[in-house]
Every structure is written in structure tokens, then in C-alpha cells.
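Summary of structural features
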Amino acid sequence: MKNTIKIIVVLILLISTGCKAQQMVQIPADAYKLKTNEQKFINRPLKDLLKEIKPEIKFVMGTVDYPPYFSFRFLSREELKKKPADGTTIGLFIYVKEPLDWNFDKRPKGKEYEWSKEDVEKYGNLTVTRIKVTGKE
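Residues numbered from 1 in each chain as written. Predicted model: local features only at pLDDT ≥ 70, side-chain atom pairs only at ≥ 80, totals over all residues. Heavy atoms only, no water.

Some points on the environment of Asp101
Here Asp101 lies in the loop between β3 (91–96) and α5 (117–123). Overall, Asp101 belongs to the exposed group, its relative accessible area being 52%. As a C-alpha pair, Asp101 and Pro68 span 33 residues in sequence and 9.4 Å in three-dimensional space. With residues near it in sequence (within four places) discarded, Asp101 still touches Lys122 and Tyr123. (Helix = DSSP H or I, 4+ residues; strand = E, 2+ residues; numbered from the N terminus. Buried < 20%, exposed > 50% of the residue type's maximum accessible area, 1.4 Å probe, protein only. Contact = heavy atoms within 4.5 Å.)

Set out below in C-alpha cells:
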């Protein structure tokens, strides 16, 4: 009886750790899955969408015009400069409802285009209104 209970407990632990949800975007080309599942993220906080992205966001720009949006890239600024400007690199554009407080000049020197944990804290509660994905890889 004790052995049976131990086996059941071990099996439950193995199953519960193995059933962890996988992120929607595993590689940059998977960004189109966000557009396909756009309704899941509309009127939700930006941080919910960001949790679904596994590849590191290496380049970001915020646009304060109407409608405000973020432009995310999975390549650094230097890597983007080396790529041809033929529209093949994946671009993820996330439009938000609230006005965007993005001032390029006030960002940390040398890290103006980097997405940080502080950015997630500052902008994570903004409401997603639209998702646009461009490029192919």
C-alpha cells in the first residue's frame, strides 16, 4: 500500500512538471501565430502577450503618434544594418490603446533600442488593440 502511494505521488509530480504550457512564439518566424491568435490578446495587457514570446527582443522602437505602437525585432540594430532592406526580417508591431510615454532621448545611453525588464514594468499594463507582423525568415 505504501509503495503504491509513493508511485502515484511520483507519477503526479512527473506529469505536473511535464505539462507546463509552451510559449506560442518559439522562433521569430512563429510571430505570425500571434496575429493568428490576435483575439486572445486584444484588450489584454501587453505583458500577457510578451509572456508568449520566447526569443529575445533585441530591438524596439516606440511610436507616440496616433495610434501608438511598439515595433519589436528579434535582431539587434547592428544585425539589422547588415541585412538587406528587402522586408524579409520579422517585425512585430503591437498597437496599444493608451498614449505611449516613449522618449528616445531619455532612454539609457547606448541602450536606446533595447527592450528591458524596466520597460516591461513600465509598459506591461498598456492595453493591446492590434497586432501586425511583417517579413519572412
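Considering the side chain of Arg73
Note that Arg73 resides in strand β2 (residues 69–73). Since its relative accessible area comes to 18%, Arg73 is described here as buried.

Some words on the sheet that holds strand β1 (residues 59–63)
The antiparallel open sheet is built from 4 strands, whose spatial order is β1-β2-β3-β4. Bordering the open sheet on either side are β1 and β4 (128–134), each of which pairs with just one other strand. Averaged over all pairs of adjacent strands, the angle between their axes in this sheet comes to 15 degrees, without regard to strand direction. Across 6 bridges, β3 lies against β4 in antiparallel orientation. Residue pairing across strands places Tyr95 opposite Arg130, the latter belonging to β4. (Pairing = 2+ DSSP bridges. Axes fitted to C-alpha atoms, helices over the stretch in contact; angles between N-to-C directions.)

Points about the pattern of salt bridges
Throughout the structure, instances matching the rule amount to 5 salt bridges. Of the charged contacts, one joins Lys122 and Asp101 as a salt bridge, the two residues approaching to 3.5 Å between their closest N and O atoms. Here Lys122, found in helix α5, pairs with Asp101, found in the loop between β3 and α5; they are 21 residues apart in sequence, far enough to count as distant. Here the two residues Lys122 and Asp101 agree in accessibility, since each one is exposed. In this structure, Arg107 engages Asp119 in a salt bridge whose closest nitrogen and oxygen atoms are separated by 2.8 Å. Here Arg107, found in the loop between β3 and α5, pairs with Asp119, found in helix α5; they are 12 residues apart in sequence, far enough to count as distant. Each member of the pair, Arg107 as well as Asp119, carries the same accessibility label: buried. (Salt bridge = Lys/Arg side-chain N within 4 Å of Asp/Glu carboxyl O.)

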